[in-house]
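Architecture and fold: a report
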Amino acid sequence: MKDRSALAGLSPAEVRSVIRRGAFCGPTTGLCPGYAQGNLVVLPKALAWYFLLFCQRNPKACPLLEVADAGSRTFGQFAPGSDIAADLPRYRVYGKGELQAEPTDVSDYFDARPDLVSFLIGCSFSFESALLEAGIPVRQIEEGVNVPMYNTSIPCVPAGVFHGNMVVSMRPIPHRLVPAAVAITAGMPRVHGMPVQIGFPEAIGVRDLDHPDYGDAVTIRPGEVPVFWPCGVTPQAVVMASRPDFCITHAPGHMFITDVANAALRL
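Below, the structure is looked at part by part. The structure displayed is predicted, hence computed values, not measured ones.

Thresholds, definitions, all that
- Residues numbered from 1 in each chain as written.
- Predicted model: local features only at pLDDT ≥ 70, side-chain atom pairs only at ≥ 80, totals over all residues.
- Heavy atoms only, no water.
- Helix = DSSP H or I, 4+ residues; strand = E, 2+ residues; numbered from the N terminus.
- Rg over C-alpha atoms; globule rule 2.2 N^0.38 Å.
- Buried < 20%, exposed > 50% of the residue type's maximum accessible area, 1.4 Å probe, protein only.
- Contact = heavy atoms within 4.5 Å.
- Areas by Shrake-Rupley, 256 points an atom, 1.4 Å probe, with all protein chains shown as cover.
- Phe/Tyr/Trp six-rings, centres within 6.5 Å; stacked < 30°, edge-to-face > 60°.
- Pairing = 2+ DSSP bridges.
- Axes fitted to C-alpha atoms, helices over the stretch in contact; angles between N-to-C directions.
- Salt bridge = Lys/Arg side-chain N within 4 Å of Asp/Glu carboxyl O.
- Parallel < 35°, antiparallel > 145°, perpendicular 65-115°, else oblique.
- Left-handed = near helix turned anticlockwise from the far one by under 90°.
- Nonpolar A, V, L, I, M, F, W, Y, C, P; charged D, E, K, R; others polar.

Broken down by element type, the protein carries 7 helices and 11 strands. For a compact globule of 267 residues, the expected C-alpha radius of gyration is about 18 Å, and the protein comes in at 17 Å, within 12% of that figure. Dimensions of the protein along its principal axes, counting C-alpha atoms only, are 55 × 40 × 35 Å. For the protein, the proportion of its 267 residues judged to be buried stands at 55%. Taking the intrachain contacts of the protein between residues at least 6 apart in sequence as the baseline, contacts between residues at least 24 apart amount to 76%. Accessible area for the protein stands at about 10700 Å²; split by element, carbon and sulfur atoms hold 54% of it.

Structure, rendered in structure tokens:
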């Protein structure tokens, strides 16, 4: 199944089932509107405490939604019955900070390592439904591509072995709608909250909007402003900078779709 339209109207559990069967491996932006999506980080138990501390110290970039028990493959609060190792369309496997593979299933890694701890981190895809409901365009959904994401010069607060800079996602917003976009997202801190920069990408070290570090470039139309939000790809940049022996993440834009409504994450 390569046609995203075939997933329209399916529940999160049904979409996860399609993904688990290997029938869909594309970005999840726009899927299951109204339901929260999450970023994934999987680490050996020996590093889990330090990463938990890193999330607590960097809540904008890494808003923690749930932590699974060591060895568990289910996020029991946000998606009972889910399979963390198979329910994301695509994963990334890192060794000492180097990308080793981009599989669509990581069951073999979980089978080989019973000490793995999985973290579910809030995703900005979750506030896109609220933006659309307010009449604010979301360009990557309109254009059917992945959201553009950029490395920045904004340092995260280190914790143990983990250190690095924030990654941001960008959405072009019409000038007159920027205040509304800020207000809406500020009310959703568990999915990154308000923007960290508006209109001046060079102020955060972003030099070329046409060539994102992750995802796809989108059209910025006359009268629109590039608006930048903290992004859950930040842990991947941190993994590459910190070089732990082993880590699994989602591939950028290929998220874990939960059973929890976005509305439940609003203040």
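What follows deals with the packing of aromatic side chains. Taken as a whole and assessed by the stated rule, the structure comprises 7 aromatic pairs. Ring plane angle 20° and centroid distance 6.2 Å describe the contact between F51 and F54, whose orientation is recorded as stacked. Pair noted here: F51 and F54 are both in helix 2 (residues 45-57), with a separation of 3 residues, about one helical turn. For the pair F51 and F54, a shared accessibility class is recorded, and that class is buried. Measuring from centroid to centroid gives 5.2 Å for F127 and W229, while their planes differ by 45°, and the two rings are tilted. Taken as a pair, F127 in helix 4 (residues 125-133) and W229 in strand 9 (residues 224-230) lie far apart in primary sequence, 102 residues in all. Judged on exposure class, the residue F127 and its partner W229 are both buried. Three or more aromatic residues link up through ring pairs in this structure, and these residues are F51, F54, F119 and F162.

Read from one edge to the other, the open sheet built from 4 strands follows the order 6-7-9-8, with strand pairing classed as antiparallel. Two strands in the sheet have a free side with no partner beyond their single neighbour: strand 6 (149-155) and strand 8 (197-198). Where strand 7 (residues 165-174) meets strand 9, 7 bridges bridge the pair, whose relative direction is antiparallel. Residue pairing in the sheet places R171 in a bridge with V227 of strand 9. Lying on the sheet, helix 6 (residues 178-186) is in contact with strand 7, strand 8 and strand 9; it crosses strand 9 at an angle near 15°. Sitting on the sheet, helix 7 (residues 234-242) touches strand 6 and strand 7, and the angle it makes with strand 7 is about 150°.

By the bridge criterion, 2 bridges tie strand 1 (residues 35-44) to strand 10 (residues 247-250) in an arrangement that is antiparallel. In the strand pairing of strand 10, V42 is matched with I248. Taken together, the 4 bridges between strand 3 (residues 91-95) and strand 10 define a ladder with antiparallel strand orientation. Among the inter-strand pairings, Y94 is bridged to a residue of strand 10, identified as C247.

Turning next to the pattern of salt bridges. With the rule as written, the count across this model stands at 14 salt bridges. The partner of D111 in a salt bridge is R73, and the shortest N-O contact between them spans 3.4 Å. Of the two residues, D111 is situated in helix 3 (residues 107-112) and R73 in the loop between strand 2 (64-67) and strand 3; the sequence distance between them amounts to 38 residues. A cluster of three or more residues bridged by salt bridges with shared partners is formed by R16, R20, D87 and D259.

Turning our eyes to something else, we now look at the packing of helix 4 against helix 6. It is the contact of helix 4 with helix 6, at a shortest axis distance of 10 Å, that shows an interaxial angle of 135°. Taken together, the axis directions place helix 4 and helix 6 in an arrangement best described as oblique. The hand of the helix 4/helix 6 crossing is right-handed. Counting all contacts with helix 4, which are made through F127, A130 and L131, the residues of helix 6 involved are A181, I184 and T185. A class-by-class count of the residues in the contact of helix 4 with helix 6 yields 5 nonpolar, 1 polar and no charged.

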